[in-house]
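Now for the letters of each chain:
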Amino acid sequence: MTGYHQAMKIAKDANIVILTGAGISKESGLSTFRDADGIWATVRIEDVATPEAFARDPDRVHDFYNERRAGLLDSKIQPNAAHEALARLEAAWGGSVMLVTQNIDNLHERAGSKNLVHMHGEMLKGWCQACGLVCEWVEAMDINSVCPHCGVTGHMRVHVVWFGEMPFEMNRIYAALAGCGLFISIGTSGNVYPASGFVSEVRHNSSCRAVELNLEPSEGAQLFDDARHGPATEIVPGFVAELLS
Ligand code: BV8
């Protein structure tokens, strides 16, 4: 049987870059953003996910993230078969596997992924705007929260990239995209830049194959060489098994 990598002419030691979005965590019980029951169906980005919103009404923004942080820490929220399959791929693949996630949950690391980049930050971390400290933060945060490093009150924010802010580790991500043989996009609608531009980046690199694994075609679907559509817990383990066959 020809392995998928042979059919798609992907070397077994090719470097792989994976991009994930909220869709990969949906079956773990976390909301996506743009589905009908998504987060942006009930709150506006302008009210809770921009620096201007935080300056205008910090209590509202703290409440928004406190609710999501508490939700993530609920014991019923666990990594799913898709998160686990990506950790298996990283452990078994001959080349490097870099997992870039737009998600601010911690399900990839709990599934065992190591070479992981949270380009939009992490909701279980705090960031002091007075001294720059980034630290683990699992309790509710508010305007009276005190920085554990500099002791200043009222300058803590969740360590998350809001709209209009520069995502983290962009140079490292672009360098990995320039040198990869396989780009896999999973559970993202392809609406948010610069993540949605990654597939265009790899298309400049003719030896790279781009595959989309998503419930339905994303905004950038036509830019991919191959696609599988369905729930992540079904299509991701199957795709990883084919790659490793
Ligand atoms: C920036 C943290 C400058 C917050 C987030 C150029 C062109 C167009 C727009 C812009 C542009 N430049 C700047 C912008 C503005 C903006 C932007 O893109 N706006 C959009 C809305 C038009 N971008 C920015 O502001 C970014 N900063 O650009 O800085 C710059 C310039 C050059 C180079 C670098 C930087 C900052 C963006 C980051 C904002 N913060 N998150 C928080 O989480 O609270 S973004 C937010 O959207 C989340 O991170 C989320 O992950 C991300 C993307 O959403 P998705 O993950 O794709 O989720 P979505 O619900 O949309 O889709 C889910 C998908 O899963 C669907 O397709 C669905 O079918 C599928 N699915 C559902 N269930 C399943 C499933 N798939 C599989 N299985 C299932 N079971």
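Nothing here was measured: the structure is a model prediction, and the numbers come from that model.

Trainee: Could you clarify how one ought to interpret helix H5 (residues 58–72) in this entry?
Mentor: Since the α-helix advances by 3.6 residues per turn, residues separated by three or four positions end up pointing in the same direction. With 15 residues, H5 should reach 21 Å at 1.5 Å per residue; the first-to-last C-alpha distance of 21 Å fits that figure. Along H5, the positions that sit buried rather than exposed are Val61, His62, Phe64, Tyr65, Asn66, Arg68, Arg69 and Leu72.

Trainee: I tried to follow the packing of aromatic side chains on my own but got confused; where do I start?
Mentor: Centre-to-centre distance and the angle between the planes together describe a pair of aromatic rings. Within this structure, the stated rule accounts for 9 aromatic pairs. Both rings, one in Trp40 and one in Phe64, keep their centres 6.2 Å apart while their planes meet at 25°; by these two values the pair is stacked. Taken together, the residues span a long stretch of sequence, with Trp40 in the loop between helix H2 (23–26) and helix H3 (45–48) and Phe64 in helix H5 at a distance of 24 residues. An identical accessibility class is assigned to Trp40 and Phe64; each is buried.

Trainee: Even after reading the chapter, I still don't get unusual backbone geometry, so can you show me in this structure?
Mentor: In the segment running from Tyr193 into Pro194, the intervening peptide bond is cis, with an omega of 5°. Within the secondary structure, Pro194 is located in the loop between strand E7 (182–186) and helix H9 (198–203). With phi around 55°, Glu169 is a residue other than glycine that occupies positive phi space. One can find Glu169 in the loop between strand E6 (156–160) and helix H8 (170–178). For Glu169, a relative accessible area of 39% translates into the label partly exposed.

Trainee: What exactly am I supposed to notice about helix H6 (residues 81–92) here?
Mentor: Relative to the 16 Å expected for 12 residues at 1.5 Å per residue, H6 spans 16 Å between its end C-alpha atoms, a close match to the ideal helical length. Buried within H6 are the following residues: Ala82, His83, Ala85, Leu86, Ala87, Leu89 and Glu90. Contacts from the buried residues of H6 go to strand E1 (16–20), H2, strand E2 (97–101), helix H7 (107–111), E7 and helix H10 (232–244). One side-chain oxygen at the N-terminal end of H6 lies 2.8 Å from the backbone nitrogen of Ala82; it belongs to Asn80.

Trainee: Looking at this structure, how should I read the pattern of salt bridges?
Mentor: Taken as a whole and judged by the stated rule, the model has 12 salt bridges. Across the salt bridge formed by Arg44 and Asp47, the nearest N and O atoms sit 3.0 Å from each other. Across the pair Asp47 and Arg56 runs a salt bridge, and its minimum N-O distance is 3.8 Å. Several salt bridges share partner residues, and in doing so they unite Arg44, Glu46, Asp47, Arg56 and Arg60 into one network.

Trainee: Hey, could you run me through the environment of Glu52 in this one?
Mentor: Within the secondary structure, Glu52 is located in helix H4 (residues 51–56). Assessed through its relative accessible area of 51%, Glu52 is described here as exposed. Along the sequence, Glu52 and Phe163 sit 111 residues apart, while their C-alpha atoms lie 9.6 Å from each other.

Trainee: What is the right way to read the side chain of His83 from this model?
Mentor: Relative to the helices and strands, His83 resides in helix H6. With relative accessibility at 0%, the residue His83 sits in the buried group. Ignoring anything within four residues of it in the chain, the contact list for His83 reads Ile24, Ser25, Ser28, Leu107, His108 and Ala111.

Trainee: Looking at this structure, I do not really get the pairing of strand E4 (residues 121–128). What am I missing?
Mentor: Regular strands place their side chains on alternate faces of the sheet. Counted residue by residue, E4 has 6 buried out of 8 residues, so it is predominantly covered. Note: E4 against E6, 5 bridges, orientation antiparallel. Looking at the pairing, Trp127 lines up with Arg157 of E6. Looking at chain direction, E4 and strand E5 (residues 134–136) are connected through 3 bridges and run antiparallel. Note on E5: the bridge partner recorded for Trp127 is Val134.

Trainee: Looking at this structure, how should I read the sheet that holds E7?
Mentor: The strand order across the open sheet formed by 6 strands is E3-E2-E1-E7-E8-E9, and the pairing between neighbours is parallel. Taken across any chain shown, the strands that pair with only one partner, and hence form the sheet edges, are strand E3 (116–118) and strand E9 (226–229). The sheet shows a mean angle of 15° between the axes of neighbouring strands, direction not considered. Relative to E9, strand E8 (residues 209–214) runs parallel, the two being bridged by 4 bridges.

Thresholds, definitions, all that
Residues numbered from 1 in each chain as written. Predicted model: local features only at pLDDT ≥ 70, side-chain atom pairs only at ≥ 80, totals over all residues. Heavy atoms only, no water. Helix = DSSP H or I, 4+ residues; strand = E, 2+ residues; numbered from the N terminus. Expected span 1.5 Å × (residues − 1). Buried < 20%, exposed > 50% of the residue type's maximum accessible area, 1.4 Å probe, protein only. Phe/Tyr/Trp six-rings, centres within 6.5 Å; stacked < 30°, edge-to-face > 60°. Contact = heavy atoms within 4.5 Å. Polar contact = N/O pair within 3.5 Å; in protein donor to acceptor, adjacent residues only side chain to side chain. Salt bridge = Lys/Arg side-chain N within 4 Å of Asp/Glu carboxyl O. Pairing = 2+ DSSP bridges. Axes fitted to C-alpha atoms, helices over the stretch in contact; angles between N-to-C directions.

Remember, this is a structural readout, not a statement about activity or role.
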